[in-house]
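So the chains spell out like this:
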Amino acid sequence: MNLLNFDQNKKLDFIGVGRLCVDLNANEIHRPMEETMTFTKYVGGSPANITIGLSRLNMKSGFIGRIADDQMGRFIKQYLNNNNIDTSNVITDKSGTVTGLAFTEIKSPTDCSILMYRDNVADLKLEPNDVSEEYIKQSKAILISGTALAKSPSREAVFLALQYARKHGVVVFFDVDYRPYTWESEQETAIYYNLAAEKCDVIIGTREEFDMMEKMENYEKSDDWVTAKKWFDYNAKIVVIKHGADGSIAYAKDGKSYTGSVFPAKIVKTFGAGDSYAAGFIYGLMNGWEVNKAMEFGSAAASIVISSHSCSDAMPTYEQISSVIDNHSK
């Protein structure tokens, strides 16, 4: 049964919306950031990474977002262009904003942290006027991520994008992507996340992120099926709940559930896994695969990215992912 309908007459496959920033990943790994002296610069931000991941898989992709009018902003735009991502709807913000920076600390394969600089960032200045109905109408799918809901005017721009997507039969993916430091309170977060999730076809988040969305439900304990079922009463067809090293479970509106596999990896860092998983998973769904096959493809993609230093640069090709799956099955 095909849970999602992608209009094959549309000329774009996928549009990412929201955060474009720069990751500065520690070169001296296995030590705290205080002792790290050099970093390597990459494009970052969950929606950016996911869009890059899909473009590497030969999906015709575009992006809606704002970048700072500085060298970092130009670096981001150039990188997207070099990765065959349409940047006609990436706007340079002229109001004196800066590019968001994420410094990463890699103390050990399991002990990683991120130091974020998110004051006065360009990506949160995305305005409703920046969101073109015509552009969204041309795409089979869009992806929104939770961080873009944290502040106005970006919040309103995302809701407008959701409205256009629903109006024109564009499938909506929601990457919950909860970053506490961009929000005023948990209540504010829960309110806007819930309002956005109501309009989405596929919702992907960690168990902790869904717990945060359920803050006002006063549940005694987390229950994955209860979480998923709530969204099936709205527009959701698939809800994916990630449990870290224990893998993920996808619940489908037809009542089926699927448990994702975890591929062995020589882990360098933990971040980036979710973005590469999402890119692989979305690719599978957009190609009409069964949910479990799409999950397997996403998990294999994640195992490649956590085995490398970068997130965006490491987003794998179809051949690389297939090779991981083939070797594992042997």
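Thresholds applied
- Residues numbered from 1 in each chain as written.
- Predicted model: local features only at pLDDT ≥ 70, side-chain atom pairs only at ≥ 80, totals over all residues.
- Heavy atoms only, no water.
- Helix = DSSP H or I, 4+ residues; strand = E, 2+ residues; numbered from the N terminus.
- Rg over C-alpha atoms; globule rule 2.2 N^0.38 Å.
- Buried < 20%, exposed > 50% of the residue type's maximum accessible area, 1.4 Å probe, protein only.
- Contact = heavy atoms within 4.5 Å.
- Areas by Shrake-Rupley, 256 points an atom, 1.4 Å probe, with all protein chains shown as cover.
- Lys, Arg positive; Asp, Glu negative; His and termini not counted.
- Charge placed at Lys NZ, Arg CZ, Asp CG, Glu CD.
- Salt bridge = Lys/Arg side-chain N within 4 Å of Asp/Glu carboxyl O.
- Polar contact = N/O pair within 3.5 Å; in protein donor to acceptor, adjacent residues only side chain to side chain.

Student: Whenever I open this one, the overall build of the chain confuses me. Can you help?
Tutor: Within the chain, the secondary structure is distributed over 10 helices and 14 strands. A compact globule built from 330 residues should have a C-alpha radius of gyration of about 20 Å, and the chain, at 18 Å, falls within 12% of that. Considered along the principal axes of its C-alpha atoms, the chain spans approximately 50 × 50 × 45 Å. Across the 330 residues that make up the chain, the buried fraction comes to 57%. Taking contacts inside the chain between residues at least 6 apart in sequence as the whole, the part at least 24 apart equals 72%. As displayed, the chain offers around 13900 Å² of accessible surface, 48% of which is attributable to carbon and sulfur atoms. Seen as two clouds, the 35 positive and the 43 negative side-chain charges of the chain have centres 4 Å apart.

Student: Which parts of the structure should I look at to understand the pattern of salt bridges?
Tutor: Between side chains of opposite charge, a pair can form when the charged atoms approach closely. As enumerated under the stated definition, the model contains 18 salt bridges in all. In this structure, the salt-bridge partner of arginine 66 is aspartate 93, at a minimum N-O distance of 2.6 Å. Pair noted here: arginine 66 is in strand 4 (residues 61-68) and aspartate 93 is in strand 6 (residues 90-93), with a separation of 27 residues, a long-range link. With respect to burial, arginine 66 and aspartate 93 carry one shared label: buried.

Student: I'm lost on the side chain of asparagine 89 in this one. Help?
Tutor: With respect to the helices and strands, the residue asparagine 89 is situated in the loop between strand 5 (85-86) and strand 6. Engagement of the side chain of asparagine 89 in a polar contact is seen with the side chain of serine 88, the distance being 3.0 Å. Ignoring any residue separated from it by four or fewer positions in sequence, one finds asparagine 89 in contact with Phe63, Ile64, Gly65, Asp130, Ser132 and Tyr135.

Geometry only, nothing functional implied.
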